[in-house]
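Examination of the molecular architecture
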Amino acid sequence: MAKIKLEYIWLDGYEPTQNLRSKTKVEEHENFKGTLEELGNWSFDGSSTRQAEGGSSDCLLVPVAIYPDPTRINGWLVMCEVMFADGTPHPSNGRATIDDDNDDFWFGFEQEYFIMDTKTLLPLGFPVGGYPAPQGMYYCSVGGKNTHGRKLVEEHADLCIAAGINFEGINQEVACGQWEFQLFAKGAKKAGDEIWVARYLLDRLTEKYGYYIEYHPKPLGDTDWNGSGMHANFSNNVLRTCGDQATYERICEAFRPVTAEHIAVYGAYNEQRLTGKHETASIHDFSYGVSDRGCSIRIPLMTVQKGWKGWLEDRRPASNGDPYKIAARIIKTVNSAL
């Protein structure tokens, strides 16, 4: 028998942006294989996370995904859904709203974020009381003059890969101290699970560096600095195989009348980012175009070159958006056009 550490991870009930919570259960197992079938449900005090009242505070944690924890001996990361005591989904449970049981939808999320110094409360590379050099030299930069935080970013990539997450890349972004990582998964629920676990690993890693991660879509306010998004690349079997421009345009047009419904779940304070500047479309408009990063939805050039077989990129989701809710809304809109 060996003792294993199970880190149960869930989303709290805070609004407008939920937070990650976690706690550790230590169990004895013989030949633990790391499967969901070996795990039991757990409970937590929902009155401390804005998910229940004190008089009836127990909420259930139901495991939905498990990954090896590369930072612990005999450790596992357990992503959970939050349920009421009767087993029905809690209103904060965005995963339960996803209509993709056959994993027809594939998602590639591009998660942007700022690395912040806990002492200065500024992005890495920002001097106290001023600004670094203007944007231009930070994007995909190399060298200590323009590149800040690479050690943390590289370690985070290694942790995600060791955990078995389908981690696809990293790069420094346009603003000083801003970075991005990319994940891809077949199945909307899996894509959401992996973004949340990757965020968890990133947040936990900052504890030893004296940093924290800022997911606000416009942390530097109304300045000439880029905000942060979480571009959602998506496809289903139709988009991957149709070979028809008219079908692509019909699907894109289906997004137009439900623009407000999408913006409502694409992350808080996104109006500060979607201004029509810094490679964004205005939050008040809807547009799509081939290879156009100033549109709401970009039709990748590669999709066109492959004979209209590929994917679409919704560039509107904010960096603090919930990938479960974003995926659920995209799926609903695409299916409405088919």
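Thresholds, definitions, all that
- Residues numbered from 1 in each chain as written.
- Predicted model: local features only at pLDDT ≥ 70, side-chain atom pairs only at ≥ 80, totals over all residues.
- Heavy atoms only, no water.
- UniProt positions renumbered as here; feature names shortened; annotations may be inferred.
- Pairing = 2+ DSSP bridges.
- Helix = DSSP H or I, 4+ residues; strand = E, 2+ residues; numbered from the N terminus.
- Axes fitted to C-alpha atoms, helices over the stretch in contact; angles between N-to-C directions.
- Parallel < 35°, antiparallel > 145°, perpendicular 65-115°, else oblique.
- Left-handed = near helix turned anticlockwise from the far one by under 90°.
- Contact = heavy atoms within 4.5 Å.
- Core = buried A, V, L, I, M, F, W, Y, C linked by side-chain atoms within 4.5 Å.
- Buried < 20%, exposed > 50% of the residue type's maximum accessible area, 1.4 Å probe, protein only.
- Salt bridge = Lys/Arg side-chain N within 4 Å of Asp/Glu carboxyl O.
- Phe/Tyr/Trp six-rings, centres within 6.5 Å; stacked < 30°, edge-to-face > 60°.
- Lys NZ or Arg CZ within 6 Å of the ring centre and 35° of its normal.

Under an unreviewed UniProt entry, the name given to the protein is Glutamine synthetase, and the source organism is Flavobacterium limi. Note on the protein: under the UniProt heading Sequence similarities (unreviewed entry), the record states "Belongs to the glutamine synthetase family."

Some words on the pairing of strand β4 (residues 58–68)
Where strand β3 (residues 42–45) and β4 come together, four bridges link them in antiparallel fashion. Of the residues in β4, the one forming a bridge with S43 is L60. Count of turn residues in the β4/strand β5 (residues 75–83) antiparallel hairpin: six residues, of which N74 carries a positive phi of about 55°.

Here we look at the packing of helix α1 (residues 150–162) against helix α2 (residues 188–206)
Running from amino to carboxyl end, α1 crosses α2 at an angle of 135°, the nearest separation of the two axes being 10 Å. Here α1 is positioned oblique relative to α2, judged by the angle of their axes. Crossing of α1 against α2: the hand is right-handed. Across from L152, E155, H156, L159 and C160 in α1, the residues of α2 making contact are A198, L201, L202, L205 and T206.

Describing the nonpolar core
Counting 61 residues, the largest nonpolar core has M79, F107, Y113, I165, L312 and I330 as the members making the most contacts within it. Per-element tally for this core: the top contributor is α2, with 10 residues. Setting aside residues up to four positions removed in sequence, F107 forms contacts with L183, F184, A185, A188, A191, N233, F234, A327, I330 and I331.

Observations concerning the UniProt feature "domain: GS catalytic" (unreviewed entry) in the protein
Mapped onto this structure's residue numbering, the UniProt feature "domain: GS catalytic" (unreviewed entry) falls at residues 89–338. With 29% helix and 18% strand, residues 89–338 has its two end C-alpha atoms placed 28 Å apart.

A closer look at the UniProt feature "domain: GS beta-grasp" (unreviewed entry) in the protein
When the UniProt feature table is mapped onto this chain numbering, "domain: GS beta-grasp" (unreviewed entry) sits at residues 4–87. Structurally, residues 4–87 is divided into 0% helix and 50% strand, and its ends, taken at the C-alpha atoms, are 26 Å apart.

Focus: the pattern of salt bridges
All told, the structure shown has 14 salt bridges when counted by the stated rule. With a shortest N-O distance of 2.8 Å, E7 and R72 are connected by a salt bridge. In this pair, E7 sits in strand β1 (residues 2–11) while R72 sits in the loop between β4 and β5, placing the two residues 65 residues apart along the sequence. Across the pair E154 and R150 runs a salt bridge, and its minimum N-O distance is 3.9 Å. With E154 and R150 both in helix α1 and four residues apart, the pair spans about one turn of that helix. Judged by its relative accessible area of 33%, R150 is partly exposed. Bridged by salt links that share partners, the residues E81, R95 and D193 form one connected network.

Details of the packing of aromatic side chains
The tally for this structure, following the rule as stated, stands at 17 aromatic pairs. Relative to W42, the ring of Y8 has its centre 5.1 Å away and its plane inclined at 75°; by these criteria the two rings are edge-to-face. One end of the pair, Y8, is in strand β1; the other, W42, is in strand β3, and 34 residues separate them in sequence. Y8 sits in the buried class, given a relative accessible area of 0%. Assessed through its relative accessible area of 21%, W42 is described here as partly exposed. Between the aromatic rings of F107 and F234, the centroid separation amounts to 6.4 Å while the plane-to-plane angle is 35°, which identifies the pairing as tilted. Of this pair, F107 sits in strand β6 (residues 106–117) while F234 sits in strand β10 (residues 230–235), and the two are 127 residues apart along the sequence. What makes F234 buried here is its relative accessible area of 1%. Ring pairs connect the aromatic residues F105, F107, F109, F234 and F255, which therefore count as one cluster. Taking the ring centre of W196 as reference, the NZ or CZ of R199 above it sits at 4.5 Å.

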